[in-house]
Amino acid sequence: MVIRALLLLLLTTLPAMSDSLRLLIPEMRPVVGEMIPVTIRGEYTGSVTLEKMVFPDSPAYDWVQTARDRWVDERVDGTLYRVFERRVAVFPRHAGTLTIGPVTHHLTKAEGTSRIAVNVEAQPVTRAVTPYPGSGRALAARNVTVRDEFSANPSQLGPSESFTRRITLIAEGSMAHLLPARPTIREPWLISFAAPELRETRLTAQGPVAVAVWEWTLRPHTGETGSLTPLRFPWFNTQIREMRGAVTLPVEIGIAGFGNNIGGQAFSSRTMAVQMGAFALAGLVVGMVAALIGRAPAPGRLVAQVRRLLPNPKGGALRKAARTGDLMALRAAAEAFVMAEVRLGRTVNPRPLRDLDEELFSGRQAGTFDRRDFLRRIGA
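Residues numbered from 1 in each chain as written. Predicted model: local features only at pLDDT ≥ 70, side-chain atom pairs only at ≥ 80, totals over all residues. Heavy atoms only, no water.

### Some words on the overall build of the chain
A count of helical and extended segments in the chain gives seven helices and 20 strands. The proportion of buried residues among the 380 residues of the chain is 38%. In the structure as shown, the chain presents an accessible area of about 21300 Å², 56% of it carried by carbon and sulfur atoms. (Helix = DSSP H or I, 4+ residues; strand = E, 2+ residues; numbered from the N terminus. Buried < 20%, exposed > 50% of the residue type's maximum accessible area, 1.4 Å probe, protein only. Areas by Shrake-Rupley, 256 points an atom, 1.4 Å probe, with all protein chains shown as cover.)

What follows is the structure, given as structure tokens:
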């Protein structure tokens with residue numbers, strides 16, 4: 001009787017002694033909001049008939065399971081084990097020491113006609129979390145893209161015509177609630193209606209992908225030509241460990257065939273005279289040059305040559321923004337200036353804009369950016 005009891009005790013304790021469960025977390029020093037990939041791996045002997053595991057919630061992090069549980073038979077050091085794997089993504093909420101775990105796997109095993117309850121525990125793992133290097137809501141991702149789509153050309157609207165603007169923000173390696181709040185689009189000359197936002201976290205083989213979709217119905221009501229400034233979404237690039245920014249282009253909004261107001265007063269006589277004079281002078285210069293070299297340009301080519309000689313209408317706003325010292329305002333004015341240069345058929349050196357973006361999102365001390373040199377290079 002005693003031997004039988006000891007044998008039964010040995011059978012009930014032996015599986016638990018040979019089973020193991022652990023948390024596999026890469027060596028890393030994440031920032032707040034950065035995804036920490038966690039693999040929970042169990043190696044079990046015997047036949048597992050039932051199992052239950054609950055990943056622990058914590059005020060220190062958010063988490064999401066990124067794939068289905070995986071069960072497979074594997075040989076480890078010559079012994080056949082029933083291997084369990086669960087993949088979880090953890091997103092720390094605060095800087096400091098982050099503790100993940102412990103995690104307990106509740107198993108029921110079959111031993112002949114008996115059922116044995118076994119609890120296998122994985123020891124906790126800690127990681128040091130550094131503060132988010134930017135401001136506002138922490139958004140850390142492998143990659144962030146922004147799509148800006150329109151139902152119609154905003155610069156060629158008909159009278160009383162509306163258009164839909166849809167912005168889609170996608171962050172690879174993040175969760176939907178970590179994306180920034182909906183941007184505000186509000187101008188005194190613009191009627192704006194916002195549709196309900198869409199936020200979702202999509203699970204992929206590479207991990208979670210956060211998606212936010214914002215949509216507005218917009219209509220200018222004064223007839224004035226207006227511009228919506230670029231929208232900026234700062235984020236921390238986990239691949240290069242630096243702050244970056246996803247930026248939309250400025251949006252020119254106007255009513256086709258109308259100028260200063262919807263009543264049809266297109267331009268003042270002074271504005272028309274200045275523009276006509278500029279076209280005439282540019283045409284005269286081009287014609288004289290063509291005559292001197294003995295080749296008269298084709299009409300289409302002549303128009304393009306004349307356009308390239310015209311001054312950039314956004315130059316004044318660019319210089320004004322540079323004087324204010326507001327780099328965000330300077331970035332918006334510079335993008336409008338570049339778009340105007342492209343419409344005039346001129347090329348622009350992209351390097352000054354990249355330098356300005358690095359200044360905006362690098363986190364360096366403000367006031368070090370040479371605005372005068374920026375104006376000289378972008379206008380070269």
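### A word on the sheet that holds strand 19 (residues 242-247)
The strand order 11-18-19 describes an open sheet built from three strands, whose pairing is mixed. The two strands at the open ends of the sheet, each matched to only one other strand, are strand 11 (140-141) and strand 19. The pairing of strand 11 with strand 18 (residues 232-237) spans two bridges and is parallel. Within strand 18, the position partnered with Ala140 by the bridge is Phe236. (Pairing = 2+ DSSP bridges.)

### Notes on the sheet that holds strand 8 (residues 103-111)
The three strands lie next to each other as 3-8-9, forming an open sheet whose pairing is antiparallel. Strand pairing shows two members of the sheet lacking a second neighbour, strand 3 (47-53) and strand 9 (114-122), which therefore form its edges. Each adjacent strand pair in this sheet contributes to an overall mean axis angle of 25°, direction not counted. With six bridges connecting them, strand 3 and strand 8 associate as antiparallel partners. Counted as the bridge partner of Ser47 is Ala110 from strand 8. (Axes fitted to C-alpha atoms, helices over the stretch in contact; angles between N-to-C directions.)

### As for the nonpolar core
With 54 residues, the main nonpolar core has Val38, Ile40 and Val90 as its most contacted residues. With five residues, strand 16 (residues 207-220) is the single largest residue contributor to this core. If we ignore the near neighbours within four places in the chain, the residues touching Val90 are Glu34, Met35, Ile36, Val38, Phe55, Tyr61, Asp62, Trp63, Leu98 and Ile100. Listed in part, the 15 residues of the second largest apolar core include Leu318, Ala321, Phe337 and Val338. (Core = buried A, V, L, I, M, F, W, Y, C linked by side-chain atoms within 4.5 Å. Contact = heavy atoms within 4.5 Å.)

### A look at unusual backbone geometry
Residue Pro102 is bonded to the preceding Gly101 through a cis peptide linkage, with omega at 0°. Relative to the helices and strands, Pro102 is located in the loop between strand 7 (96-100) and strand 8. Within the chain, Ser160 stands out as a residue other than glycine whose phi angle is a positive 65°. Structurally, the position occupied by Ser160 is in the loop between strand 12 (143-150) and strand 13 (163-172). Phi at Arg241 is positive, roughly 60°, even though this residue is not glycine. By the secondary structure assignment, Arg241 is in the loop between strand 18 and strand 19.

### Some words on the pattern of salt bridges
One pass over the full model with this rule turns up 25 salt bridges. One salt bridge in this structure joins Arg93 and Asp62, with 2.6 Å as the shortest N-O distance. Of this pair, Arg93 sits in the loop between strand 6 (79-92) and strand 7 while Asp62 is found in strand 4 (residues 61-65), placing the two residues 31 residues apart along the sequence. Where salt bridges share partners, they join Arg22, Arg41, Glu43, Arg70, Glu74, Glu85 and Arg87 into one cluster. (Salt bridge = Lys/Arg side-chain N within 4 Å of Asp/Glu carboxyl O.)

### With respect to the environment of Asn349
With respect to the secondary-structure elements, Asn349 resides in the loop between helix 5 (327-343) and helix 6 (351-361). Along the chain, Asn349 and Ile378 lie 29 residues apart, while their C-alpha atoms are 6.4 Å from each other.

### Focus on the confidence of the model for the chain
Mean pLDDT over the chain stands at 83; residues scoring 70 or higher make up 79%. Note that residues 259-272 has pLDDT below 50 and, in this model, 21 contacts with residues that lie over four places away or in other chains. (pLDDT = per-residue confidence, 0-100.)

### Here's the deal with the side chain of Asn237
If you trace the backbone, Asn237 turns up in strand 18. Polar contacts involving the side chain of Asn237 include one to the main-chain amide nitrogen of Gln239, which spans 2.8 Å. Contacts of Asn237, omitting those with residues within four sequence positions, involve Ala141, Arg142, Glu242 and Arg244. (Polar contact = N/O pair within 3.5 Å; in protein donor to acceptor, adjacent residues only side chain to side chain.)

### Concerning helix 5
Taking 1.5 Å per residue, 17 residues should reach 24 Å; helix 5 reaches 24 Å between its end C-alpha atoms and fits that length. Listed as buried for helix 5 are Leu327, Leu330, Arg331, Ala332, Ala333, Ala334, Glu335, Ala336, Phe337, Val338, Ala340 and Glu341. Immediately beyond the C-terminal end of helix 5, within one or two residues, lies Gly345, with a positive phi of roughly 85°. (Expected span 1.5 Å × (residues − 1).)

### Here's the deal with the environment of Met175
For Met175, the location among the structural elements is in the loop between strand 13 and strand 14 (190-194). Residue contacts for Met175: discarding those within four places in its chain leaves Asp62, Trp63, Val64, Phe91, Thr201 and Ala210.

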